[in-house]
Amino acid sequence: MKLWMWIPVWRRNADVFKKLFIVNFFLPFLEPLFYLFAFGFGLGSFVRDIEGMSYRTFILPAIVVMASLNSSFFYTTYSSFVKMFFQKTFDAIIATPLSIEDVVVGEIMWGTTRGAISGTMVLLLFVLLKLITLKIALFYLPLLIILSFTFSSLGMFFTSVVNNIESFNYPIFLYFTPMLFFSGTFFPITSLPAILIILSNIVFPLTIMLKSFRTFFYGFNVSTYLYGYLTLLHGLFFFMVSIKLMRKKLFK
Amino acid sequence: MKAIIEGSKIVKRYDGFEALKSVDFYVKEGEIVGFLGPNGAGKTTLIKLITCTSFFNEGHLSVFGFDVNNSQSKVKSFIGLVPQDNNLDPDFTVFENLLVYSRYFFIKKKQAEVRIDKLLDFVSLTDRKNAKVNDLSGGMKRRLIIARSLINNPKILVLDEPTTGLDPQARRHIWELIGELKKSGKTVVLTTHYMEEAEQLCDRIYILDNGRILVEGAPNELINSYIGRETVEIENCNDIDLNSIPGKKMFYKDKIYIHCQEKMEVIQGLTKLCGDIKFVVRPSNLEDLFIFLTGRELRE
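Residues numbered from 1 in each chain as written. Chains lettered and ligands numbered in written order. Predicted model: local features only at pLDDT ≥ 70, side-chain atom pairs only at ≥ 80, totals over all residues.

Caption draft 1: Representation of the packing of helix α6 (residues 134–161) of chain A against helix α9 (residues 205–218) of chain A within the structure. Residue and element names in this part refer to chain A. In contact at an axis separation of 10 Å, α6 and α9 are set at 175 degrees when each is read in the N-to-C sense. Taken as axis vectors, α6 and α9 run roughly antiparallel relative to one another. Along its contact with α6, which presents I136, F139, Y140, L143, L147 and T150, the element α9 presents P205, M209, S212, F213 and F216. (Axes fitted to C-alpha atoms, helices over the stretch in contact; angles between N-to-C directions. Helix = DSSP H or I, 4+ residues; strand = E, 2+ residues; numbered from the N terminus. Parallel < 35°, antiparallel > 145°, perpendicular 65-115°, else oblique. Contact = placed C-beta atoms within 7 Å.)

Caption draft 2: Fine view of helix α8 (residues 219–226) of chain B. All names here are of chain B. Taken together, the buried positions of α8 are occupied by P219, L222 and I223. Seen end-on, α8 carries its buried residues on one side only, within an arc spanning 100 degrees. Close packing links the buried residues of α8 with α7 (195–201), β9 (204–209), β10 (212–217) and α10 (286–294). Of the residues flanking the end of α8, it is G228, one or two places downstream, whose phi is positive at about 95 degrees. (Buried ≥ 20, exposed ≤ 12 C-beta atoms within 10 Å, placed from the backbone. Arc of directions from axis to C-beta.)

Caption draft 3: The arrangement of the sheet that holds strand β6 (residues 79–82) of chain B in detail. Residues and elements named next belong to chain B. The 6 strands are arranged β6-β7-β8-β3-β9-β10 in an open sheet whose pairing can be described as mixed. Single-partner strands in this sheet number two, and they are β6 and β10. Direction aside, neighbouring strands of the sheet carry axes that sit 15 degrees apart on average. Taken together, the 5 bridges between strand β3 (residues 32–36) and strand β8 (residues 187–192) define a ladder with parallel strand orientation. Note that in β8 the partner of G34 across the bridge is L190. (Pairing = 2+ DSSP bridges.)

Caption draft 4: Representation of the sheet that holds strand β14 (residues 279–283) of chain B within the structure. All names here are of chain B. The strand order β12-β13-β11-β14 describes an open sheet built from 4 strands, whose pairing is antiparallel. Two strands bound the open sheet, and with one partner strand each, they are β12 (248–252) and β14. Ignoring which end each strand starts from, the neighbouring axes of this sheet average 20 degrees apart. As paired elements, strand β11 (residues 230–235) and β14 share 5 bridges and run antiparallel to each other. Residue pairing in the sheet places E233 in a bridge with V280 of β14. Of the strands in this sheet, β11, β13 (255–260) and β14 are in contact with helix α9 (residues 263–274), which crosses β11 at around 20 degrees.

Caption draft 5: Expanded view of the interface of chain A and chain B. Across the boundary between the two partners, chain A contributes 20 residues, which contact 20 residues of chain B. Looking at the side of chain A that touches chain B, the elements with two or more residues in it are α1 (7–19) and α4 (89–94) of chain A. Broken down by element, the side of chain A that touches chain B gets its largest block of residues, 6 residues, from α1 of chain A. Of the residues contributing to the side of chain A that touches chain B, the split by class is 9 nonpolar, 4 polar and 7 charged. (Nonpolar A, V, L, I, M, F, W, Y, C, P; charged D, E, K, R; others polar.)

Structural measurements only, silent on function.
Here is the structure:
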């Protein structure tokens, strides 16, 4: 396997993305705006402040992160599964010099790219609205890429283990949704029971990631910021495992 | 001519079930070889092994001298595959399907565009170049897949049931295309359920059943040597004792098929036995041989 053989798969996905630009890009872009208005301005006007900052400021990183998260995770779950199972696109590709590994890496890399694009656009919007400074946004950027890679890989892992599309309900309702609420997105997890705080730090990479993002508001701490990069290990683990499992699943 | 695909003693198991049981076969350069067999005989499994989209448990398989276990990417670069399912990319147009596919072979865009125009002309889809794939008819989709399988200018074309589900016109069109590809020097491997298709197209066939190869050879020679070149069909005469009649007899409901080398003896014998009996005499075909070898039982 040559290391660049996944690129045609990545390009295929980029081409589809460009074709369906409005559906893929513009519509999901509205979601962060809804979050900003509902929580930032709506709910936020009833909440005095959270840990020394306004509620609106508190949830800004969460909105950025969720844009990347949704974009990458739902790509390598539902989109990849449809291509693999219903459209048989993977079968068509592995009849060429490309291998299953190339296909899987191409998918994960595109999920990463997609997540990074979504997060970056939200960041850009927040910079333009003067909600976040450009300097902080630049610090956020590499973290967003790592986050996208991690959740892209995690999504592919779930795709490699489910047998039908309905089964995605297991990872989504048992893992993804709880993560959206209990990793410090809408409120600081310090208000949770100690056991849940520990659990949240272990199983949800988002918890670590958000701490890293918020260190800029609490008074910058280098090690807290760098800590966020550790989620890359999480991503690499699922990257390797999903490649192995996909070979088992598709090469029979 | 030399064999460019050689398989020996290939065994393939799926969860303990043996899909191929020690299969030996070869394909020579420039010939059209057909694999025939009932559902579950192992045809598609064999195709998957040749195209390196599956692995086998025992035996040896090489394509152009390359061991398929060690040189998958290389072997796949020589092969064009028309799979059983139409796995075209529904997100793209006809042209885009071919262009995107060409990238998987690392063909430069300029070169690919020239080749795509030629291929679309070859499969008569030039005027549908910008059509959405889902707007194409079944026959058009099949032709587009054939065009796609040729994008890398393969030496070997592998077609898994290329005409299943097509109307007679579309089927004949595809036969013409396959014939032209043979003329241009391509080696063709195909599977089919249509005996007429195999008789028309194939230089050599293998008939498989239950993961084994039953017979191998040119269709006409196989018919001659296994059942004889003529067949006499009679109806409604179950009570006749046919022991004195020469030939191989096959019984199906109230019909009897007598396969023989020489029809006169059979006809004379029959008229002697039952006077003016109604019968049909016709040349034996591959379907007769197929049923003779694999039986009439339904396969799942």
